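Reading the structure
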Amino acid sequence: MNAPQTDEAVRVAYDEVANTYADRFRTTEPELPLELAMVEHFASLLTGDRRVLDAGCGAGRMLPYLAELGCVAEGVDLSPEMVRRARADHPEFATQVASITNLPFDDASFDGVFSWYSTIHGDDAALSSAMSEFRRVLRPGGVVLVAFQSGAGVQDVSQAYRRHGHDVVLVRYRRTLDQVAAALRAVGLGEVARLERQAAAHERDAQAVVVATSTLTH
């Protein structure tokens, strides 16, 4: 891929596939217990009001799960159609259209930021911008979780949607755990837990999760 994938390209793709995606994945169907255990660990580290931003919430399928873990959750997503579905399917949660690289919140607004595969469509510059925003809106002692496909290189994932009748162009950027941990560390977030596992039968790539805090100790 010669040029970075733009926010507009990602928005167009997810607007097109929003209903298909939301109908297929209504809750935690794609996740294995290992990933959900990391989400539970993230939630266990929260303090204060436990206000959590689902940064890149899609159609909102993880918001009820976060609420079950005691989080006061709300979401943002780049795609207006995804947010429309989030509001229709999960009206009890506040959601709005926004980029994770330009969050519409004041500094130190949240006790946790939950990034569930929301950084995967941006290049390294976009990743750095997102991490800076996560850190900015996080309160002292707050917690960040970042989930992503583990590996290297850019992968075209358009065909997965074309099989469902959607003519979209979409790529994702695979990264190593050390790369993501370094991006977190660069904005002052210290890693406290990491997970990497091999791809399951329904997946193309290995999966990874990093949890970090704005202080190295709790």
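For the structure itself, consult the block above.
Residues numbered from 1 in each chain as written. Predicted model: local features only at pLDDT ≥ 70, side-chain atom pairs only at ≥ 80, totals over all residues. Heavy atoms only, no water.

Next up on the list: the layout of surface pockets. Size it by volume and the second largest pocket reaches roughly 150 Å³. Forming the walls of the second largest pocket are 13 residues, and the residues nearest its centre are D124, L127, R174, R175 and Q179. Counting residues per element, the ones that place at least two in the lining of the second largest pocket are α5 (124–137) and α7 (177–186). The biggest single contributor to the lining of the second largest pocket is α5, with three residues. (1 Å grid on protein atoms, 1.4 Å probe; cavity = no way out; pocket = protein on both sides within 12 Å on 5 of 7 lines; lining within 4 Å. Points joined across faces, edges and corners; volume = space filled by probe spheres on them. Helix = DSSP H or I, 4+ residues; strand = E, 2+ residues; numbered from the N terminus.)

What follows covers helix α2 (residues 33–44). Over its twelve residues, α2 runs 16 Å from end to end, which matches the ideal 16 Å to within 8%, given 1.5 Å per residue. Residues of α2 that are buried: E35, L36, M38, V39, F42 and A43. An end-on view of α2 places all buried positions within 150° of arc, on one side of the element. Of the exposed residues in α2, those oriented more than 90 degrees away from the buried face are P33 and S44. Close packing links the buried residues of α2 with β1 (51–55), α3 (63–68), β4 (110–116), β5 (138–150), β8 (190–197) and β9 (206–213). (Expected span 1.5 Å × (residues − 1). Buried < 20%, exposed > 50% of the residue type's maximum accessible area, 1.4 Å probe, protein only. Arc of directions from axis to C-beta. Contact = heavy atoms within 4.5 Å.)

Once that is clear, we can look at the pairing of β1. Among the five residues of β1, four are classified as buried, and the element is accordingly described as predominantly covered. When β1 meets strand β2 (residues 72–77), the two strands line up parallel, connected through five bridges. Following the sheet pairing, D54 is matched in β2 by G75. With α3 bridging β1 and its parallel neighbour β2, the resulting β-α-β unit is right-handed. Taken together, the three bridges between β1 and β4 define a ladder with parallel strand orientation. Counted as the bridge partner of D54 is F114 from β4. (Pairing = 2+ DSSP bridges. Right-handed = clockwise from strand over helix to strand, strands pointing away.)

None of this, on its own, says anything about what the molecule does.
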